[in-house]
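Notes for the structure review
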Amino acid sequence: MPKVELYINLQLCDLTGSEQIEVDYTSFDISKIGTRGGARSYSFNLPKTNRNKAVLENPEIVNNLSTLPYTRLPCRILVDGVDVQIRFAEIESAGSVYAVRVYGANSDLFVALNDVKLYDLDFSEYDHIWTMSNVVASRLNTEGYIYALIDYHSDSPNFACNNDSANLRIDYMPPSFFVNTILQKIFDVAGYTLENEVETDSENLIMPLHFSAVEAAPFIAEKYEGVLNIAASMEVPSIQGNVEYYAFDSVSSYTGNYYDFPYYLPNTNIRALRVEDNMQFKMSLSIDLTITDPVNLISILVRSYYSDGTLWFTANVPVAQNLSVGSHTITLDVTPVTIQPVQREVYYTVGFFNSGFAFGSSASYTVQNTSTITISEVVYLGNLLRYNQFLNVSAIMPDMTQTTFLKNYMLLFGLIPIVNEATNTVSLVKFNSVTSNLHLAYDWSGKLDYSEPHEVKFLLNDYGQNNYLKWSEDGDEPVPVDATGIIQINNRNLELEKDIVEMDFAATNANFRLNNLGTGDRIMPQIGIYKQSELTISKVPRLLQLTKKTAAEWDLSYLGMQYDDGNPSNSTGVADNIPVCHFIDINEPFNLGFGNNILANYYQAIAAIITRLKVVRELVRLNAADLSDIDFTRPVWIQKHEAYFYISSIKGFSYTENKSTIVELVKLNING
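These notes cover the structure that comes with them.

**Some details on the overall build of the protein**
In terms of regular secondary structure, the protein is built from 10 helices and 46 strands. Per-residue burial over the protein gives 54% buried out of 672 residues. Within the structure as shown, the protein displays about 28400 Å² of accessible surface, and the carbon and sulfur contribution to it stands at 47%.

Below is the structure:
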């Protein structure tokens, strides 16, 4: 029997010696092209030996404070010294045995991302104010956000987006986000290096961010609520101007990173609390002050400044009188304050004031590091999507899991995900690449087990005579021509129609807009989230293709586009890098319709297979070395059939028993 070694948290575990370790492998199941899979997880029981108790930290003890049962643990399994590509383990239960589930390859990646939403990603480096200057400047962006030309009105043409001029109200034009930036962020956070065969194809793919319906409260509360401390006790020096500031140095009871510490105001050189959202909050102060000279009166001075250092708000509150030498705790609950920043942010400072006289001397007064400022009862007062307001990009992402986002990206380009846990690399590979790898094909001709005859399947219930690849529908919006693609199979034994791919994104219709200048017909995609200037309608997420144009290329006069926000002094002419976008435009070479571009460019190999489907089921004598680093993009050559095959699935490969494995091989229709 093979020697099996299990390591959890880098520690060798005891096994019973009778473990039956079997696993299924699949990366792209040809029977269900709308799914993506990987090595499945599987479970087995560990004996309750002293070694295993130590490794797992006695999880059967009810009062045990160990966090291991709630942690995904590093794991390795070696079979006769061969790493079987298991990377993580979870403790499922502890009773007479320890039930452990282990994961590896693609399955771990998709399990890890399945419950994590796009808005859980930190895009704070792209947070910004929705202003004319930022809208104009974004035209040059190739990552992060860009303000693309989209008609966001369900009742257009209207004053904001019309057919009579080249003026566009950018205060009704929310930003879009580059899809490649989202992809990169997902894998960076997950700890993987991304190798993407269609990175260039999707470099101009954008996702409009029009999701003001995403619940704001959790973001705002998480962002600000917490306890602020100073890192070390500090002396209050003798000063002029009657005020000395309490320095915010650290954050406790808080897991985010929105506080900017230390931050120095441009005009005052004082550390401060940064507030960048329209909100109301309560501030509670608890200041431990040690004094060596008596003081008659202490007031707390709360001031706030705009980001340019301009004083915006001040409040002077008496809090203590006739303080003797010694230690004192000064407390104050600041009346809930409402902030509506007109710039990027407001900075709050807290200081001491001594009845109009200079307060402090280098050794007389010390603020102890036990002092705290607590921010609580945060209430968000604004709309997440409003002109001249700070935009938290994460908060306006769609309510979509990262797994769903990845799945849709892979469906759009017909991709296979290949995860290499040894190098922490994820490769997104075009299925068409399989037929390009014939020179790298595995030769399994000598591995066939002839104890059972092979089986050939010609019919898969997941297909019909007419197989549709669709984008989602969004209410009663018209679906563009060629948004849907069709793969036809000449087999009357199948049902007449099947939907084999349905995206979680909707197709986007377009209309003629901004047509008074030049002679060409300009079309703009329409996503009607505004009606009579009110943001009222929720829409299904969209994807669009960006094409930057000059005024001449878009057939406008030399003046180009006129960006307008309702303030005549802000009107800006844009003559180059005009961020035009489309879903389908017959004049553009790259479109997002399955019937226009996608099927022809990314599904040829898949279509060739399923229109003349042959799935061969063979018994194959595989070993652990065969599967230790198997590459699903490499075909298999079988001399018996004189054909190349794609590995659709490997069923029940045993790492602990010497037996043949059922493999489903899909014939690559290269030469018929």
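Now, onward.
**Examining the pattern of salt bridges**
According to the stated counting rule, one finds 20 salt bridges in the structure shown. Here Arg-72 ties to Glu-90 by a salt bridge, and the two come within 2.8 Å at their closest N and O atoms. Within this pair, whereas Arg-72 is found in the loop between helix H1 (50-56) and strand S5 (73-79), its partner Glu-90 is found in strand S7 (residues 86-94), the two being separated by 18 residues in sequence. According to the relative accessible area criterion, Glu-90 is partly exposed, its value standing at 24%. Three or more residues are tied together by salt bridges with common partners; here these are Asp-474, Glu-477, Lys-539 and Arg-542.

**Considerations on the sheet that holds strand S42 (residues 578-582)**
In spatial order, the strands read S10-S13-S15-S39-S42; together these 5 strands make up an open sheet with antiparallel pairing. Looking at strand neighbours, the two that pair on one side only are strand S10 (145-146) and S42, the edges of this open sheet. Pairing between S10 and strand S13 (residues 176-178): 2 bridges, direction antiparallel. Paired with Ile-146 across the two strands is Ser-176, which belongs to S13. Packing against the sheet, helix H4 (residues 179-190) makes contact with S13 and strand S15 (205-208), and its axis sits at approximately 60° to S13.

**Some thoughts on the pairing of strand S21 (residues 279-291)**
Walk down a regular strand and you will see the side chains alternate between the two sheet faces. Note: S21 against strand S27 (residues 372-380), 7 bridges, orientation antiparallel. Each bridged residue has a counterpart across the sheet, and for Ser-286 the counterpart in S27 is Thr-372. Across 3 bridges, S21 lies against strand S26 (residues 365-367) in antiparallel orientation. Note on S26: the bridge partner recorded for Leu-289 is Val-367.

**With respect to the packing of aromatic side chains**
For the structure shown, the criterion picks out 16 aromatic pairs. One aromatic cluster is present, built from ring pairs that chain together Trp-130, Tyr-145, Tyr-147 and Tyr-387. The ring of Tyr-468 carries the charged tip of Lys-470 above its face, separated from the ring centre by 5.7 Å. The cationic tip of Arg-634 hangs over the ring face of Tyr-442; the distance from NZ or CZ to the ring centre is 4.0 Å.

**Quick notes on the packing of H4 against helix H6 (residues 402-413)**
At a minimum axis distance of 11 Å, the contact between H4 and H6 shows a crossing angle of 130°. Judged by the angle between their axes, H4 and H6 are oblique. In this structure, the crossing between H4 and H6 has a hand that is left-handed. Facing H4, whose interface residues are Val-179, Asn-180, Ile-182, Leu-183, Ile-186 and Phe-187, H6 presents Gln-402, Phe-405, Leu-406 and Tyr-409. Of the residues in the contact of H4 with H6, the class split is 8 nonpolar, 2 polar and no charged.

**Digging into the nonpolar core**
In this structure, Ile-8, Ile-77 and Trp-471 are the most contacted members of the largest nonpolar core, which totals 187 residues. When sequence neighbours within four positions are dropped, the list of residues in contact with Trp-471 reads Leu-412, Ala-483, Met-503, Phe-505, Ala-506, Ala-507, Leu-543, Phe-583, Leu-592, Gly-593 and Phe-594.

**Here we look at unusual backbone geometry**
Note the cis peptide between Ser-156 and Pro-157, where omega equals 5°. Inspection of the secondary structure puts Pro-157 in the loop between strand S11 (151-153) and strand S12 (167-169). Unusually for a residue other than glycine, Asp-482 sits at a positive phi of about 75°. Following the sequence through the fold, Asp-482 ends up in the loop between strand S33 (464-472) and strand S34 (485-488). Its relative accessible area of 37% is what places Asp-482 among the partly exposed residues.

**Remarks on the sheet that holds strand S35 (residues 495-506)**
If you walk across this open sheet you meet the 3 strands as S34-S33-S35, and the pairing is mixed. Every other strand in the sheet has two partners, leaving S34 and S35 as the edge strands with one partner each. Each strand of the sheet is rotated relative to its neighbour by a mean of 15°, with strand direction disregarded. Two strands pair when backbone bridges link them, and S33 and S35 are joined in this way by 7 bridges, in the parallel orientation. Its bridge partner being in S35, Gly-464 is matched across the sheet by Glu-495. Sitting on the sheet, H6 touches S33 and S35, and the angle it makes with S35 is about 125°.

**Quick look at the environment of Gln-465**
Turning to its location among the elements, Gln-465 is positioned in strand S33. The sequence separation of Gln-465 and Leu-496 amounts to 31 residues, and the corresponding C-alpha distance is 5.0 Å. When neighbours within four sequence positions are excluded, Gln-465 is seen to be in contact with Ile-487, Gln-488, Ile-489, Asn-491, Arg-492, Leu-494, Glu-495 and Leu-496.

**Quick notes on the environment of Ser-649**
Mapped onto the fold, Ser-649 is located in strand S45 (residues 643-654). Linking Ser-649 and Glu-664, residues 15 residues apart in sequence, is a C-alpha distance of 5.3 Å. Other than its neighbours up to four places away in sequence, Ser-649 contacts Tyr-25, Thr-26, Ile-662, Val-663 and Glu-664.

**Comments concerning H6**
Counted at 1.5 Å a residue, the expected span for H6 with its 12 residues is 16 Å, and the 17 Å between its end C-alpha atoms agrees. The element H6 is extensively covered by neighbouring structure, given that 10 of its 12 residues are classed as buried. Taken residue by residue, H6 has Gln-402, Thr-403, Phe-405, Leu-406, Asn-408, Tyr-409, Met-410, Leu-411, Leu-412 and Phe-413 as its buried positions. Backbone geometry just after H6 places Gly-414 at a positive phi near 60°.

The rules behind each value
- Within each chain, residues carry numbers counting from 1 in the order of the written sequence.
- Only residues with pLDDT of at least 70 get local features here, since the model is predicted, and only at 80 or more are side-chain atom pairs given and counted; chain-wide, interface and lining totals rely on the full set of residues.
- Computation of side-chain values covers all heavy atoms of the structure but excludes hydrogens and water.
- Here a helix means four or more residues in a row that DSSP labels H or I, a strand means two or more in a row labelled E, and each is numbered from the N terminus.
- Residue exposure (1.4 Å probe, protein chains only): buried if accessible area is under 20% of the type maximum, exposed if over 50%, otherwise partly exposed.
- Accessible surface area values rest on a Shrake-Rupley calculation with a 1.4 Å probe, where residue burial reflects the displayed protein chains alone.
- Throughout this description, the term salt bridge denotes a Lys or Arg side-chain nitrogen within 4 Å of a carboxyl oxygen of Asp or Glu.
- Pairing between strands requires that DSSP locate at least two bridges from one strand to the other.
- A contact between two residues is defined here by any heavy atoms of the two lying within 4.5 Å.
- Angles shown run from 0 to 180 degrees and are taken between the N-to-C directions of axes, each axis being a line fitted to C-alpha atoms and, for helices, limited to the stretch in contact.
- Here the aromatic set is Phe, Tyr and Trp, taking the six-membered ring for Trp, and pairing holds for ring centres within 6.5 Å; pairs whose planes are under 30 degrees apart are stacked, those over 60 apart are edge-to-face, and all others are tilted.
- Definition used: whenever NZ (Lys) or CZ (Arg) falls within 6 Å of the ring centre and also within 35 degrees of the ring normal, the charge is taken to sit over that ring.
- The scheme is simple: roughly parallel for angles under 35 degrees, roughly antiparallel for over 145, roughly perpendicular for 65 to 115, oblique for anything else.
- Crossings are sorted by hand: turned counterclockwise from the far helix by less than a right angle, the near helix makes the crossing left-handed, and turned clockwise it makes it right-handed.
- The nonpolar class holds Ala, Val, Leu, Ile, Met, Phe, Trp, Tyr, Cys and Pro. Asp, Glu, Lys and Arg form the charged class, and all remaining residues, Gly among them, are polar.
- The nonpolar core is taken to be a set of buried Ala, Val, Leu, Ile, Met, Phe, Trp, Tyr and Cys residues, with the residues joined through side-chain atoms within 4.5 Å.
- Multiplying one less than the number of residues by 1.5 Å gives the expected span of a helix.

Coordinates in, geometry out; function isn't part of it.
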